[in-house]
Amino acid sequence: MITSLIIDDELFAREELADLLSESSDIEIIGQCSNAIEALQMITKLKPQLIFLDIQMPRITGIELIGMLDPDIMPRIVFVTAYDEFAIKAFDNYAFDYLLKPIDEKRLQQTLNRVRKDFQPKSVSIIAPEQLTHLPCYTGSKLKVISIKEVEFVFSDLSGVHVATNREQAHTHLTLKVLEEKTSLIKCHRQYLISPEAISEIEVQETGAEVTTVSGAKVPVSRRYLKPLKQMFGFL
């Protein structure tokens, strides 16, 4: 059984694809998402083997979503798009496959046959954004997108990964690994990343240091990360 996820902001498009996929006994639809934030949460939790991903979605596009995924849980990517054939050629070599809207049933079966034959995830590093400009976050039942420019620091604890700005604190399903690799945030502690622009003061202590951000928040700095942090600001 191949587990799959449908990600599209149009309800009709999701239901139409789900109906077509229901005719394949070896394809199990484990979820549907209407936006990238919901999708990131579900991909992280359920780890589908295959996702059908709309390219044009509000706030965070399908391509931007790919750049937010941890490579360790990267599923096969099948783009579902209304783009014309010229635009599709740009993705044809990089995604596992693509489907044009409205979806042709025979074309869908060709895609599924490819999936069945090739069970190794394709690399999407060529189209995945090298740097994230916005982070998908949530607070309670509210979904929100926070600009990386607003982030002072992020940290992890037993309840997950948290994003702190000078106004609020939210949660994200992005891992610290992805945030370190794809944002300007730098590691200052095993559980903390900080924005260099948010650093107002560094207080050296016996076991390391403590940073005060421009908003007055306190962020710990481990001894192993103190020297490179000081060098960044010209303190030898």
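For the protein, the name recorded in an unreviewed UniProt entry is Response regulator receiver protein, with Shewanella sediminis as its organism.

Our focus in this paragraph is the UniProt feature "modified residue: 4-aspartylphosphate" (unreviewed entry) in the protein. In the numbering used here, UniProt assigns the feature "modified residue: 4-aspartylphosphate" (unreviewed entry) to Asp-54. Counting through the fold element by element, Asp-54 comes out in strand 3 (residues 50-54). Once you skip the residues sitting within four places of it in the chain, Asp-54 turns out to touch Ile-7, Asp-8, Asp-9, Gly-62, Val-80, Thr-81 and Lys-101.

Let's shift gears to helix 7 (residues 223-232). Three- or four-residue spacings in an α-helix give side chains the same orientation, since the helix completes a turn every 3.6 residues. Among the residues of helix 7, those classed as buried are Tyr-225, Leu-226 and Leu-229. Looking down the long axis of helix 7, one finds its buried residues gathered within 115° of arc, a one-sided arrangement. Exposed positions of helix 7 whose direction lies more than 90 degrees from the buried face are Arg-224 and Lys-227. On its buried face, helix 7 sits against strand 11 (186-189), strand 13 (199-205), strand 14 (208-213) and strand 15 (218-222). Count one or two residues on from helix 7 and you reach Gly-234, which has phi positive near 85°.

The relation between two aromatic rings is expressed through the spacing of the ring centres and the mutual angle of the planes. Taken as a whole and assessed by the stated rule, the structure comprises 3 aromatic pairs. Summarising the aromatic geometry, the rings of Phe-153 and Tyr-192 are spaced 6.3 Å apart at their centres and angled 35° between planes, so their arrangement reads as tilted. Remark: Tyr-192 occurs in strand 12 (residues 192-194) and Phe-153 occurs in strand 8 (residues 151-157); sequence separation between them is 39 residues. Residues Phe-153 and Tyr-192 agree in their burial class; the two are buried. Ring geometry for Phe-155 and Tyr-192: centres 5.4 Å apart, planes at 20°, overall stacked. Here Phe-155 is found in strand 8, whereas its partner Tyr-192 is found in strand 12, with 37 residues between them in sequence. The rings of Phe-153, Phe-155 and Tyr-192 are connected pair by pair, giving a single aromatic cluster. Of note, Arg-107 hangs over the ring of Tyr-98, and the distance from its end group to the ring centre comes to 5.0 Å.

Domain annotation for the protein reports domain 1 (2-119) and domain 2 (134-233). When each unit is reduced to the centre of its C-alpha atoms, the spacing between domain 1 and domain 2 is 32 Å. Every contact between the two is made by 13 residues of domain 1 and, on the other side, 12 residues of domain 2. Where domain 1 touches domain 2, the interface holds 0 salt bridges. If you look at where domain 1 meets domain 2, you find 1 residue pair in polar contact (both at pLDDT 80 or more). Per-element tally for the side of domain 1 that touches domain 2: the top contributor is helix 2 (residues 36-46), with 5 residues. Classifying every residue of the side of domain 1 that touches domain 2 by side-chain character gives 5 nonpolar, 4 polar and 4 charged.

Time to look at helix 5 (residues 105-117). The end-to-end C-alpha separation of helix 5 is 19 Å, in line with the 18 Å expected for 13 residues at 1.5 Å each. Residues of helix 5 that are buried: Leu-108, Thr-111, Leu-112 and Val-115. Buried residues of helix 5, seen end-on, are gathered within an arc of 95° and therefore sit on one face of the element. For helix 5, exposure combined with an orientation more than 90 degrees from the buried face picks out Lys-106 and Lys-117. Residues of helix 5 that are buried sit in contact with strand 1 (2-7), helix 1 (11-21), strand 2 (27-33), strand 3, strand 4 (76-81) and strand 5 (97-100). At the N-terminal end of helix 5, a side-chain oxygen is found 3.1 Å from the backbone nitrogen of Lys-106, two or three residues along, and the residue is Asp-104.

Cut-off values and rules
Residues numbered from 1 in each chain as written. Predicted model: local features only at pLDDT ≥ 70, side-chain atom pairs only at ≥ 80, totals over all residues. Heavy atoms only, no water. UniProt positions renumbered as here; feature names shortened; annotations may be inferred. Helix = DSSP H or I, 4+ residues; strand = E, 2+ residues; numbered from the N terminus. Contact = heavy atoms within 4.5 Å. Buried < 20%, exposed > 50% of the residue type's maximum accessible area, 1.4 Å probe, protein only. Arc of directions from axis to C-beta. Phe/Tyr/Trp six-rings, centres within 6.5 Å; stacked < 30°, edge-to-face > 60°. Lys NZ or Arg CZ within 6 Å of the ring centre and 35° of its normal. Domains from an automatic or database assignment. Salt bridge = Lys/Arg side-chain N within 4 Å of Asp/Glu carboxyl O. Polar contact = N/O pair within 3.5 Å; in protein donor to acceptor, adjacent residues only side chain to side chain. Nonpolar A, V, L, I, M, F, W, Y, C, P; charged D, E, K, R; others polar. Expected span 1.5 Å × (residues − 1).

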